[in-house]
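# Reading the structure
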Amino acid sequence: MAVRKLLVPGAVVGHVTGIRPAMLSARGVRGLIIDLDNTLTHWNAPGCAPEIAAWLADLRHSGVAVCIVSNNGPARVGAFCASLSEPVPWIAQARKPRRSAYLRALALLDLPASSAAVVGDQVFTDIFGGNRAGLLTILVSPLGRREFAATRLVRVVEALWLRRLHAGGAVRSL
Ligand SMILES: [Mg+2]
């Protein structure tokens, strides 16, 4: 597949809590592979906000399995997941956009790529990697502006790319 197509999110949602279980079941999605920083929490913020915890619980009660996949380190990702009321499988130092962590996440979820989706806030890691792994990809707006200096530079290119996608009508809601 052309690289350009791999940079197009399958769907765009403003905030993770806008992803409702009914939308996922309509697409045959039974598992979510979710990014951590600026998707579930502000960058490097400890713990989980109550509305995110409630959303994760709602997914679980609706039969949607979750795995958290982050490029951040195990101390950070492990601490976040330990703050959740129920255990969630996680993968740190994922090296997104490489596919390997997504394939490991699918194995943890025991789901084929056709039954899972990636959720993340970055086109060049979450969306590119998820599309490469053959998953439905859902782009969310970053929760905040704090992030790695290198990521802030990439955001400039990402904003230009997303503007072009919006202008071309290539951005779909879930
Ligand atoms: Mg992120």
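Residues numbered from 1 in each chain as written. Predicted model: local features only at pLDDT ≥ 70, side-chain atom pairs only at ≥ 80, totals over all residues. Heavy atoms only, no water.

## Digging into the overall build of the protein
- What the protein contains, in helices and strands, is 7 helices and 6 strands.
- Tracing the protein from N to C terminus, the helices and strands come up as α-β-α-β-α-β-α-β-α-β-α-β-α.
- Since a compact globule built from 174 residues should have a radius of gyration of about 16 Å, the 15 Å found for the protein is in line with a globular shape.
- C-alpha extents for the protein along the principal axes are approximately 40 × 35 × 30 Å. (Helix = DSSP H or I, 4+ residues; strand = E, 2+ residues; numbered from the N terminus. Rg over C-alpha atoms; globule rule 2.2 N^0.38 Å.)

## Concerning the coordination of the magnesium ion
- Protein coordination of the magnesium ion is provided by Asp35 (OD), Asp37 (O) and Asp121 (OD), with donor distances spanning 2.1 to 2.2 Å.
- Donor residues for the magnesium ion, ordered by position in the chain, follow D-x1-D-x83-D. For the pair formed by Asp35 and Asp37, the shared burial category is buried. (Donors = N, O, S within 2.8 Å, 3.2 Å for Na, K, Ca; no water. Buried < 20%, exposed > 50% of the residue type's maximum accessible area, 1.4 Å probe, protein only.)

## A few points about the sheet that holds strand E4 (residues 90-91)
- Here we have 6 strands laid out as an open sheet, ordered E1-E6-E5-E2-E3-E4, and parallel in their pairing. Every other strand in the sheet has two partners, leaving strand E1 (11-13) and E4 as the edge strands with one partner each.
- Sheet contacts for helix H6 (residues 123-132): strand E5 (116-120) and strand E6 (136-140); angle to E6, the most-contacted strand, approximately 165°. (Pairing = 2+ DSSP bridges. Contact = heavy atoms within 4.5 Å. Axes fitted to C-alpha atoms, helices over the stretch in contact; angles between N-to-C directions.)

## Regarding the nonpolar core
- Counting residues in hydrophobic clusters, the biggest one holds 27 residues, and the most contacted among them are Ile19, Leu32, Leu40, Trp55 and Ile68.
- Listing elements by their share of this core, those giving two or more residues are strand E2 (31-34), helix H3 (50-61), strand E3 (65-69), helix H4 (74-82), E5 and E6.
- Take this core: its biggest share by element is 4 residues, from H3.
- Among all residues touching Ile68, those that are not within four sequence positions of it are Ile34, Leu36, Leu40, Val77, Phe80, Cys81, Leu84, Val88, Pro89, Trp90 and Ile91.
- In this structure, Cys67, Val69, Leu106 and Ala116 belong to the second largest nonpolar core, which totals 15 residues. (Core = buried A, V, L, I, M, F, W, Y, C linked by side-chain atoms within 4.5 Å.)

## Observations regarding the pairing of E5
- With 5 of its 5 residues buried, E5 lies for the most part within the structure.
- Strand direction decides the pairing type here: E2 and E5, joined by 4 bridges, are parallel. Bridge pairing in E5 places Ile34 opposite Val119.
- Where E5 lies against E6, 4 bridges are found, and the strand directions are parallel. Pairing of Ala117 across the sheet is with Leu136, part of E6.
- Crossover connection from E5 via H6 to parallel E6: handedness right-handed. (Right-handed = clockwise from strand over helix to strand, strands pointing away.)

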